[in-house]
Amino acid sequence: MGTLIGCLLSGDVFARYYKLKGHEVVHVSGTDAHGTRMEFEALQRSITPQQLVEQVHQQIVETLHKFDIFLENYTITRSPVHHRFVQEIYKKMEANGYVFTKDEERAYCQNCKKFLADSFIVGTCPRCKYDRAYGDQCSQCGALLEAEQLINPQCQICKQSNITFAKTRNWYLDLPKLEPKLREYVSAHQDWAPNVKNFTDGLLKDGLKPRAVTRDLSWGIPAPFAGAEGKVIYVWAEAALGYVSATIEYFEKRGEQDRWREFWFGDDVKQVYTQGKDNITFHTLIFPGQLLASGEGYHLPDQISATEHLQWIGKQRFSKSQKIGLFSDDALELMDPLYWRFYLLYNRPERKDIEFSWEDVDNAVNGVLINNISNLLNRIVSLAHRSYGGVYPQANVYPEIFKQIKAVKEDYESIIEGGQLAGALRRVADLAVLVNEYVQRNRPWEGHKPEVLLTALQLVKAVTIFLEPFVPGFSQKAYPMLGLTRPTFDDVLKVEPGAKLGPAQVLLQKIDVKALQEKYSQMKAG
């Protein structure tokens, strides 16, 4: 669930927001087919990596669909377009002097008789002493590592510590040579969120080191360098390039071969990237470094929206093998994905790690979404049918309330365009509280009060439109009640006395959180 909120769910909200504002948006991502963990898991299951990748990719596609997450192109890095692009851009990096070779010693398992991918090696992080750090990065502190830096390294295949370091030749991305350009790029982005800026500045303070882009593996994209036969481009060094290749693939499928360039060159474009904090490095330094090294003049990432961690109860790290946490496929069996969207986005961990709690689920779903928003909408539309023939009353919206709607709209835009989401959703929730208080105070069901009811309708209309990027399934159900078809962001402030309303209806049912907990416990036991 932490991966879902950090990456693709957040990306979906940004994409829907900019579409609502009338921009042309292309949302792309894909399944990382060449993760060395995939090779390891396939080995454990006695199937090929290709078979496992195809299974996992299909599961991810189905999960995205169920969570109402839409991408113009959700691809896979086994795509021929991706292979072609990666090999071409690395040839350009090499021609520009940003790739060099180095003879070195790499981790080799004496038992398995093979060079080991970094994620096949687990040991203690030399920096934070976390005892499950991988050979390329510590997931606890985020430190970029080399396998030889691990304390007491162990092969994940045979579970033995019989690791030596054998001679081989690898190709490296010359990050020190790129560092001046990367420093200039990073310094131009003082608008990045503190967690992104501080982490990136810390890495630059320590100085960048060359990173190997090839490995002695069979699963991956063949390295395009002369003399690199039998080697592949290492997964970390090609996955982010999939943002570009996914855009190319999208437009090629549409028969618009060159339109991808509009999203990757020039200044008339804004790029937003969503990920967890452990992937900040790849989006602020590695990927921009690759684009700079190509010499092609690519538009570099603008906004890096990185979440902190969503932790399980008791501040535990999610672990499927240890049955710790709640995962997307299980979550779908417990509760409507619309509710999960709202809970996750309302509690999106933007400034610090956030601990999952059933109490927070209850508060977000029952308290905010259903009580304060959905039920309120039904009550106000029902009243309009009873008292004003099912139309927006012929009246004016109270000026002070209209000012508050405008203020929320401005805050909402500012927060989202600044790379945050939870704050914008909570601002909408505050507006819903204002609607409830306004209605209770002015009691539109008593006497003839068209101004009060029109103002209340304008408020719930604004709330419903603001919610569309976050819970589109709810807004699409609510729009017919409000007489809306495909509203734009400008409709938030559009007042239409006399416009027809649709039938009132109860849109959402409350959840029984205790029953959810019991069901979760049964699933975990199973």
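Residues numbered from 1 in each chain as written. Predicted model: local features only at pLDDT ≥ 70, side-chain atom pairs only at ≥ 80, totals over all residues. Heavy atoms only, no water.

**Q** Account for the layout of surface pockets, with residues named and values stated.
**A** A water-sized probe, rolled over the atoms, reveals where empty space remains. In this model, the second largest pocket occupies a volume close to 540 Å³. In terms of lining, the second largest pocket is formed by 22 residues, of which the most central are Leu144, Leu145, Gln149, Lys209 and Arg211. For the lining of the second largest pocket, the secondary-structure elements that each account for two or more residues are β3 (99-109), α6 (194-206) and α8 (280-294). Among the elements that make up the lining of the second largest pocket, the one with the highest residue count is α8 (three residues). A per-class count over the lining of the second largest pocket returns 12 nonpolar, three polar and seven charged. (1 Å grid on protein atoms, 1.4 Å probe; cavity = no way out; pocket = protein on both sides within 12 Å on 5 of 7 lines; lining within 4 Å. Points joined across faces, edges and corners; volume = space filled by probe spheres on them. Helix = DSSP H or I, 4+ residues; strand = E, 2+ residues; numbered from the N terminus. Nonpolar A, V, L, I, M, F, W, Y, C, P; charged D, E, K, R; others polar.)

**Q** Run through the sheet that holds strand β6 (residues 133-134), naming residues and quoting values.
**A** Taken together, three strands build an open sheet; the order of strands is β6-β5-β7 and the sheet is antiparallel. Both edges of this open sheet fall to β6 and β7 (151-155), since each of them pairs with a single strand only. The sheet contact formed by strand β5 (residues 121-124) and β6 spans two bridges and is antiparallel. Pairing of Gly123 across the sheet is with Ala133, part of β6. (Pairing = 2+ DSSP bridges.)

**Q** Quick one: what's the story with empty space enclosed by the protein, residue by residue and with numbers?
**A** Inspection of every chain in the model, using the stated rule, returns three cavities of 30 Å³ or more. Roughly 70 Å³ of volume is contained in the largest cavity. Lining the largest cavity we find Arg106, Ala107, Phe115, Leu116, Ala117, Asp118, Ala147, Asn170, Arg215, Asp216 and Leu217. A class-by-class count of the residues in the lining of the largest cavity yields six nonpolar, one polar and four charged. Volume-wise, the second largest cavity comes out at about 40 Å³. Contributing to the lining of the second largest cavity are Asn372, Ile373, Leu376, Leu377, Ala432, Val460, Val463 and Thr464. By residue number, the principal contributor to the lining of the second largest cavity is helix α11 (residues 358-388), which donates four residues. Its residues assigned to classes, the lining of the second largest cavity shows six nonpolar, two polar and no charged.

**Q** With reference to specific residues and values, describe the environment of Phe489.
**A** Along the chain, Phe489 turns up in the loop between α15 (472-478) and α16 (513-525). We classify Phe489 as buried; its relative accessible area is 3%. Measuring from C-alpha to C-alpha, the distance between Phe489 and Lys19 comes to 9.2 Å, with 470 residues separating the pair along the chain. (Buried < 20%, exposed > 50% of the residue type's maximum accessible area, 1.4 Å probe, protein only.)

**Q** So what's going on with the pattern of salt bridges? Which residues, and what values?
**A** Under the definition given, this model contains 27 salt bridges. Here Asp12 ties to Arg16 by a salt bridge, and the two come within 2.9 Å at their closest N and O atoms. Highlighted residues: Asp12 and Arg16, both in helix α1 (residues 2-20), separated by four residues, approximately one helical turn. Of the two residues, Asp12 and Arg16, neither departs from the other in class, the shared state being buried. With a closest N to O distance of 2.7 Å, Arg169 and Asp103 form a salt bridge. With Arg169 in strand β8 (residues 163-173) and Asp103 in strand β3, the pair connects residues that are 66 residues apart, well separated along the chain. The class for Arg169 is partly exposed, based on a relative accessible area of 41%. Since its relative accessible area comes to 54%, Asp103 is described here as exposed. Here the salt bridges do not stand alone but share partners, grouping Glu24, Arg254, Glu256, Arg259 and Glu262 into one network. (Salt bridge = Lys/Arg side-chain N within 4 Å of Asp/Glu carboxyl O.)

**Q** Report on the packing of α11 against helix α13 (residues 422-442), specifying residues and quantitative values.
**A** Where α11 meets α13, the axes come as close as 10 Å, and the angle between the chain directions of the two elements is 45°. With respect to α13, the axis of α11 lies oblique. In the crossing of α11 with α13, the sense of the turn from one axis to the other is left-handed. For the pair α11 and α13, contact is made by Val368, Asn372, Ile373, Leu376, Arg379 and Ile380 and by Ala429, Ala432, Val433, Val435, Asn436 and Val439, respectively. (Axes fitted to C-alpha atoms, helices over the stretch in contact; angles between N-to-C directions. Parallel < 35°, antiparallel > 145°, perpendicular 65-115°, else oblique. Left-handed = near helix turned anticlockwise from the far one by under 90°. Contact = heavy atoms within 4.5 Å.)

**Q** Tell me about the pairing of β5, residues and numbers included.
**A** As defined by bridge partners, β5 adjoins β7 across three bridges and the pair is classed as antiparallel. When the sheet's bridge partners are listed, Ile121 is paired in β7 with Cys155.

**Q** Can you break down α8 residue by residue, with the values?
**A** Taking 1.5 Å per residue, 15 residues should reach 21 Å; α8 reaches 21 Å between its end C-alpha atoms and fits that length. The largest bend in α8 amounts to roughly 30° and is located at Ile286, with the proline Pro288 lying one to four residues further along. Counted residue by residue, α8 has 14 buried out of 15 residues, so it is predominantly covered. Where α8 terminates, the next one or two residues include Gly295, which has phi positive at roughly 70°. (Expected span 1.5 Å × (residues − 1). Bend = angle between axes of the 7 residues up to and from the residue.)

**Q** Can you explain the sheet that holds strand β10 (residues 214-215)? Please cite residues and give values.
**A** Across the sheet, three strands lie side by side as β10-β12-β11; this open sheet has antiparallel pairing. Unpaired on one side and paired on the other, β10 and β11 (221-222) mark the two borders of the sheet. With two bridges joining them, β11 and strand β12 (residues 232-233) adopt antiparallel strand pairing. Along β12, the bridge assignment pairs Ile221 with Ile233.

**Q** Quick one: what's the story with the packing of aromatic side chains, residue by residue and with numbers?
**A** Under the defined criterion, the tally for this structure stands at 34 aromatic pairs. On the basis of an interplanar angle of 70° and a centroid distance of 4.9 Å, the ring pair of Tyr250 and Phe251 is categorised as edge-to-face. For Tyr250, a relative accessible area of 15% translates into the label buried. We classify Phe251 as buried; its relative accessible area is 1%. Seen from their ring centres, Tyr412 and Phe489 are 5.8 Å apart, and the 20° between their planes marks the pair as stacked. With Tyr412 in helix α12 (residues 399-417) and Phe489 in the loop between α15 and α16, this pair connects stretches of sequence that are 77 residues apart. (Phe/Tyr/Trp six-rings, centres within 6.5 Å; stacked < 30°, edge-to-face > 60°.)

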